[in-house]
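So the chains spell out like this:
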Amino acid sequence: MQLRKSGYRFQKVSHIFISHLHGDHYFGLIGLLNTLHLLGRSQPLYLYGIQPLIQLINIQLELSRTTLAYPLVFHPFETEKTSIILDDVEITVATIPLNHRVPTCGFLIREKAEKRKILKDFLRNVKVPFEFFEKIKDGEDYTDSEGKVYPNHLITNDPPLARSYAYCTDTAYHEPVIPLIKNCDLLYHEATFMEDKAKDAHAKFHSTAREAATIALKAGAKKLVIGHFSARYKEVDSLLEEARQVFPNTVLGQDGMTIQV
Ligand SMILES: [Zn+2]
Ligand SMILES: [Zn+2]
């Protein structure tokens, strides 16, 4: 339903990451898988979660006698230590072990660093044989056939910085997360409660808004999005205020919002 509302094309969904097996994080999955099936999807769908997730999905498919029209490729992960679970052309995805009532991992999505960019003006003025392109992009100087040296920093630009997004929910305040998400561009961190309910937060292995902000601050994140608010809060501006006292560049996570990184 949220995908429909957002106008995002269903067929663009290729990878799904499930942090843990509490219902608010995956009960909608079987419906989505079935909708994609009914829409006639043929492309594989890659699903990441802890091993029991696929048992839950399979039993639902079996008992409803559903044979998916597309391959569902399942990648189980461990929740004890971090590992890279996806290594694509452009990005990697690593797990972030969290501290919750059931085995839980967040995810760090990191862009791969691009190579240096050769200046167009340079290529226009100097005939560079094609085989040198990759070396120049890797940072080497260029020497032409007459021995003239063009230092790399004068003929290339820095590549755009590789961006990263860390998704940390559900979890109690958990400092081992900090080195794993160091300097991330964007951090989503749960903030189920405020400090006045810190006791409840700890008992239920959730975080307060202040704790979420403290993780962002200690990790050197550039921006923080908080979410997963308890239904007890009729308005959530006070959670935002509490987080901003520790980490000013905080915003409230809202369904369907887009954030430029
Ligand atoms: Zn949970
Ligand atoms: Zn939850």
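Anyway, here's the lowdown on the structure attached to this text. Everything numeric in this text was worked out from a predicted model, so none of it was measured.

## Topic: the pattern of salt bridges
Here is step 1: Overall, the coordinates contain 10 salt bridges when judged by the stated rule.
Here is step 2: Close ionic contact of Arg 124 with Asp 121 constitutes a salt bridge, the shortest N to O distance being 2.8 Å. In this pair, Arg 124 and Asp 121 are both assigned in helix H5 (residues 120-125), 3 residues apart and thus about one turn of the helix distant.
Here is step 3: Given a relative accessible area of 61%, Arg 124 falls into the exposed group.
Here is step 4: Overlapping salt bridges bring together Lys 115, Glu 134, Lys 137 and Asp 138 as one network.

## A few points about the sheet that holds strand E4 (residues 84-87)
Here is step 1: As summarised here, the arrangement of the 7 strands in space is E4-E5-E6-E11-E12-E13-E14, forming an open sheet in which the pairing is mixed. One side of each edge strand has no neighbouring strand; the edge strands of this open sheet are E4 and strand E14 (250-252). Sheet twist, expressed as the mean angle between neighbouring strand axes with direction ignored, is 15 degrees.
Here is step 2: Across 4 bridges, strand E11 (residues 164-168) lies against strand E12 (residues 186-190) in parallel orientation. If you follow Ala 166 over to E12, its bridge partner there is Leu 187.
Here is step 3: The strands touched by helix H10 (residues 209-219) within the sheet are E12 and strand E13 (224-227), with E12 carrying the most contacts at an inclination of about 155 degrees.
Here is step 4: Sheet contacts for helix H11 (residues 237-246): E13 and E14; angle to E14, the most-contacted strand, approximately 170 degrees.

## Some points on the nonpolar core
Buried together is how nonpolar side chains tend to be arranged in soluble globular proteins.
Here is step 1: In this structure, Ile 96, Ala 166, Val 177, Ile 181, Leu 187, Leu 224 and Ile 226 are the most contacted members of the largest nonpolar core, which totals 30 residues.
Here is step 2: Those elements giving two or more residues to this core turn out to be E11, helix H8 (177-180), H10, E13 and H11.
Here is step 3: It is H10 that contributes the most residues to this core, 6 residues altogether.
Here is step 4: With sequence-adjacent residues up to four places away left out, Ile 96 is seen in contact with Thr 104, Cys 105, Gly 106, Phe 107, Leu 108, Ala 166, Tyr 167, Cys 168, Val 177, Leu 180 and Ile 181.
Here is step 5: Membership of the second largest hydrophobic core comes to 17 residues, among which are Ile 16, Tyr 26, Leu 61 and Leu 68.

## What about the coordination of the zinc ion (ligand 2)?
Here is step 1: Taken together, Asp 24 (OD), His 25 (NE2), Asp 170 (OD) and His 228 (NE2) make up the full set of protein donors to the zinc ion (ligand 2), lying 2.1 Å away.
Here is step 2: In this structure, the zinc ion (ligand 2) lies 3.5 Å from the zinc ion (ligand 1), and both are coordinated by Asp 170.
Here is step 3: Among the residues examined, His 25 registers a relative accessible area of 17% and is labelled buried.

## Remarks on the packing of aromatic side chains
Here is step 1: In total, this model carries 11 aromatic pairs according to the counting rule given.
Here is step 2: Here Phe 17 and Tyr 48 contribute two aromatic rings whose centre-to-centre distance is 4.6 Å and whose plane-to-plane angle is 20 degrees, an arrangement assigned as stacked. Of the two residues, Phe 17 sits in strand E1 (residues 15-17) while Tyr 48 sits in strand E2 (residues 45-49), which places them 31 residues apart along the sequence.
Here is step 3: In this structure, Arg 41 packs its charged tip against the face of Tyr 70, placed 5.6 Å from the ring centre.
Here is step 4: The ring of Tyr 233 is capped by Arg 232, whose NZ or CZ atom sits 5.9 Å from the centre of that ring.

## Observations regarding the coordination of the zinc ion (ligand 1)
Here is step 1: Every protein donor of the zinc ion (ligand 1) is listed here as His 20 (NE2), His 22 (ND1), His 100 (NE2) and Asp 170 (OD), and their distances to the metal cover 2.2 to 2.3 Å.
Here is step 2: Around the zinc ion (ligand 1), the 4 donor atoms sit at angles spanning 89 to 167 degrees, and that spread fits a shape best called irregular.
Here is step 3: For the zinc ion (ligand 1), all donor residues lie on one chain, and their spacing in sequence is H-x1-H-x77-H-x69-D.
Here is step 4: A relative accessible area of 1% places His 20 in the buried class.
Here is step 5: Assessed through its relative accessible area of 8%, His 100 is described here as buried.

## Re the sheet that holds E1
Here is step 1: Ordered in space as E1-E2-E3, the 3 strands form an open sheet in which the pairing is parallel. Both outer strands of the open sheet, E1 and strand E3 (72-76), are each paired with one neighbouring strand and no more. Taken pair by pair, the neighbouring strands of this sheet meet at an average axis angle of 20 degrees, ignoring direction.
Here is step 2: In this sheet, E3 lies alongside E2 in parallel orientation, the contact comprising 5 bridges. Note that in E3 the partner of Tyr 46 across the bridge is Val 73.
Here is step 3: Contacts from helix H3 (residues 29-38) reach E1, E2 and E3 within the one sheet, and its direction differs from that of E2 by about 170 degrees.
Here is step 4: Sitting on the sheet, helix H4 (residues 52-63) is in contact with E2 and E3, with an inclination near 150 degrees to E3.

What counts, and at which threshold
Residues numbered from 1 in each chain as written. Chains lettered and ligands numbered in written order. Predicted model: local features only at pLDDT ≥ 70, side-chain atom pairs only at ≥ 80, totals over all residues. Heavy atoms only, no water. Salt bridge = Lys/Arg side-chain N within 4 Å of Asp/Glu carboxyl O. Helix = DSSP H or I, 4+ residues; strand = E, 2+ residues; numbered from the N terminus. Buried < 20%, exposed > 50% of the residue type's maximum accessible area, 1.4 Å probe, protein only. Pairing = 2+ DSSP bridges. Axes fitted to C-alpha atoms, helices over the stretch in contact; angles between N-to-C directions. Contact = heavy atoms within 4.5 Å. Core = buried A, V, L, I, M, F, W, Y, C linked by side-chain atoms within 4.5 Å. Donors = N, O, S within 2.8 Å, 3.2 Å for Na, K, Ca; no water. Phe/Tyr/Trp six-rings, centres within 6.5 Å; stacked < 30°, edge-to-face > 60°. Lys NZ or Arg CZ within 6 Å of the ring centre and 35° of its normal. Tetrahedral: all angles 85-135°; square planar, octahedral: opposite > 155°, others 65-115°.

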